[in-house]
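Structural overview
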Amino acid sequence: QVQLVESGGGLVQPGGSLKLSCAASGSIFSINAMDWYRQAPGKERELVAIATTGGLTNYADSVKGRFTISRDNAKNTVYLQMNSLKPEDTAVYYCHARIYTISTMSTMDYWGKGTLVTVSS
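To start, this report covers the structure provided alongside it. Keep in mind that what you see is a predicted model, and the values were worked out from it rather than measured.

1. Notes on the pairing of strand S3 (residues 18-26)
Taken together, the six bridges between strand S1 (residues 2-7) and S3 define a ladder with antiparallel strand orientation. Within the sheet, the bridge partner assigned to Gln-3 lies in S3 and is Ser-25. The pairing of S3 with strand S8 (residues 77-82) spans six bridges and is classified as antiparallel. The residue of S8 that forms the bridge with Ser-21 is Tyr-79.

2. Concerning the pairing of strand S11 (residues 115-119)
Residues of S11 alternate between two faces, with Thr-115, Val-117 and Val-119 buried on one and Leu-116 and Thr-118 left unburied on the opposite face. Relative to S11, strand S2 (residues 10-12) runs parallel, the two being bridged by three bridges. Of the residues in S11, the one forming a bridge with Val-12 is Val-119. As paired elements, strand S9 (residues 91-101) and S11 share three bridges and run antiparallel to each other.

3. Let's talk about the packing of aromatic side chains
For the structure shown, the criterion picks out two aromatic pairs. Measuring from centroid to centroid gives 5.7 Å for Phe-29 and Tyr-100, while their planes differ by 70 degrees, and the two rings are edge-to-face. With Phe-29 in the loop between S3 and strand S4 (30-39) and Tyr-100 in strand S9, this pair connects stretches of sequence that are 71 residues apart. We classify Tyr-100 as partly exposed; its relative accessible area is 25%. Over the ring of Tyr-79 we find Lys-19, and its NZ or CZ is 4.8 Å from the ring centre.

4. Some details on the state of the cysteines
By definition, a disulfide links two cysteine residues through a covalent bond between their sulfur atoms. Here the structure, examined in full by the defined rule, presents one disulfide. Between the sulfur atoms of Cys-22 and its disulfide mate Cys-95 the distance is 2.1 Å. Between Cys-22 and Cys-95 the disulfide shows an S-S torsion of about -80 degrees. By sign, it is left-handed. Note that Cys-22 is positioned in strand S3 and Cys-95 in strand S9, a separation of 73 residues in sequence. Here Cys-22 and Cys-95 have matching classes, each one buried.

5. Quick notes on the sheet that holds strand S7 (residues 67-72)
Spatially, S1-S3-S8-S7 is the arrangement adopted by the four strands of the open sheet, whose pairing is antiparallel. Edge positions in the sheet fall to S1 and S7, since each of these pairs with one other strand and no more. Neighbour-to-neighbour, the strand axes of the sheet open up by a mean angle of 15 degrees, direction not taken into account. Of the strand pairs in this sheet, S7 and S8 are connected by six bridges, and their pairing is antiparallel. Of the residues in S8, the one forming a bridge with Phe-67 is Met-82.

What counts and how
- All chains use their own residue numbering, which begins from 1 and follows the written sequence.
- The model is predicted, so local features are restricted to residues of pLDDT at least 70 and side-chain atom pairs to those at 80 or more, both for listing and for counting; the totals for chains, interfaces and linings are taken over all residues.
- As a rule here, side-chain values come from all non-hydrogen atoms in the structure, and water together with hydrogens is ignored.
- When DSSP locates at least two bridges between a pair of strands, those strands are taken to pair.
- The numbering of helices and of strands both runs from the N terminus, where a helix is a DSSP run of H or I of at least 4 residues and a strand a run of E of at least 2.
- For the exposure calls, accessible area comes from a 1.4 Å probe over protein chains only, and a residue counts as buried if that area is under 20% of its type's maximum, exposed if over 50%, partly exposed in between.
- In summary, the pairing rule links any two rings of Phe, Tyr or Trp, Trp by its six-membered ring, whose centres are within 6.5 Å, and it sorts them by plane angle into stacked for under 30 degrees, edge-to-face for over 60 and tilted for everything else.
- Cation placement over rings: the criterion is NZ of Lys or CZ of Arg within 6 Å of the ring centroid and within 35° of the ring normal.
- Pairs of cysteine sulfur atoms within 2.5 Å are identified as disulfides in what follows.
- The angle between two axes is taken between their N-to-C directions and runs from 0 to 180 degrees, where each axis is a line fitted to C-alpha atoms and a helix contributes only its stretch in contact.

Here it is as structure tokens:
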């Protein structure tokens, strides 16, 4: 069984910073891409940033230059450093990973439960 657990959300003023973490645990054999999604009230879930095992990254246009995704493969952890936060960044942020487990002998999608980020003065 695999779990993704996010942490680091909270309330921050516009222009502030937060760093989210997501740790994967369980019977993991290997992890492909790890990424962050977000879902604002009344909107669909959207991809924010992706990081491959090889270190390639990509970002949604709305966060380029402000957010940085990084991974610690030894710890099965992905981070999202968010700077210059705006009210429109308010959302529940979800961690996602494609993980190969020996128990299933397959690669499956796993999601965290989400962490709320609120940007408000």
